[in-house]
Amino acid sequence: MTTLRDATMVRIHVPVRAETLAAMLTGDAAAADGDPVLAVMLAVIREGGVLGDFGLYTGVVEIAPGWESFRSGPDAAPTLGSAGEASLSSTVILTTYAVCGPDDPALLAMVGRLLAAHPWEVPVIEVSPTRLAWRG
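Residues numbered from 1 in each chain as written. Predicted model: local features only at pLDDT ≥ 70, side-chain atom pairs only at ≥ 80, totals over all residues. Heavy atoms only, no water.

Q: Explain the sheet that holds strand 1 (residues 2–15) to me, please; I cannot follow it from the model alone.
A: Strands pair in a sheet through their backbones, by hydrogen bonds, and they do so in one of two ways: parallel or antiparallel. Read from one edge of the open sheet, four strands run 2-3-1-4, paired in antiparallel fashion. On the outer flanks of this sheet lie strand 2 (62–71) and strand 4 (125–135), each paired with one strand and no other. Along the sheet, successive strands turn relative to each other by an average axial angle of 30°, direction set aside. Of the strand pairs in this sheet, strand 1 and strand 4 are connected by 11 bridges, and their pairing is antiparallel. What sits directly across from R11, in strand 4, is E126. Contacts between helix 1 (residues 18–25) and the sheet are confined to strand 2 and strand 3 (86–98), with strand 2 contributing the most and set at about 140° to the helix. Against the sheet, helix 4 (residues 105–117) engages strand 1, strand 3 and strand 4, with an angle of about 135° to strand 4. (Pairing = 2+ DSSP bridges. Helix = DSSP H or I, 4+ residues; strand = E, 2+ residues; numbered from the N terminus. Axes fitted to C-alpha atoms, helices over the stretch in contact; angles between N-to-C directions. Contact = heavy atoms within 4.5 Å.)

Q: What should I look at first to understand the packing of aromatic side chains in this one?
A: The geometry of an aromatic ring pair comes down to the distance between the two centres and the angle between the two planes. For the structure shown, the criterion picks out two aromatic pairs. Relative to Y97, the ring of F54 lies with its centre 6.5 Å away and its plane at 90°, an arrangement referred to as edge-to-face. Of this pair, F54 sits in the loop between helix 3 (36–46) and strand 2 while Y97 sits in strand 3, and the two are 43 residues apart along the sequence. Among the residues examined, F54 registers a relative accessible area of 26% and is labelled partly exposed. With centroids separated by 5.7 Å and ring planes inclined at 20°, the aromatic side chains of F54 and W134 adopt a geometry described as stacked. A residue pair is termed long-range when its members are at least 10 positions apart, and F54 in the loop between helix 3 and strand 2 and W134 in strand 4 qualify at 80 residues. Through pairs of rings, three or more aromatic residues link up here, namely F54, Y97 and W134. In this structure, R5 packs its charged tip against the face of W134, placed 4.4 Å from the ring centre. (Phe/Tyr/Trp six-rings, centres within 6.5 Å; stacked < 30°, edge-to-face > 60°. Buried < 20%, exposed > 50% of the residue type's maximum accessible area, 1.4 Å probe, protein only. Lys NZ or Arg CZ within 6 Å of the ring centre and 35° of its normal.)

Q: Explanation requested: the pairing of strand 3 in the structure shown.
A: Within a regular beta strand, the side chains point alternately toward one face of the sheet and then the other, so they alternate between its two faces. Of the pairings in the sheet, the one linking strand 1 to strand 3 comprises eight bridges and is antiparallel in character. If you follow V10 over to strand 3, its bridge partner there is T96. In terms of strand pairing, strand 2 meets strand 3 through 10 bridges, oriented antiparallel. Within strand 3, the position partnered with P65 by the bridge is V92.

Next comes the structure, spelled out in structure tokens:
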């Protein structure tokens, strides 16, 4: 029987080195663990806790490579590029889930750790309530 289960989706936009993205695009999945920022984000998800916990499987995360374009404001201190100029960042988007509400203290603690480890001046970490199909 299929049921729907309340959950929270967490999507983290993570800057990666250009060589990490290039290696991943050729199928080298191990390159993710060699990137200094991406490895930390993955470690938080994989260590256990509410993120990526599906009971029989833990550390569940989708890894999607890509790029982000942005123009930082004149008062910004961007990690990449210069204030006021358009930049293109090699980025990996991590999507994981927690089978709890978005205000759950354990989830907020893990999101806080992701924020603390994120190098961007304004990290992009989306936290959205959702429902997951579940075999019940």
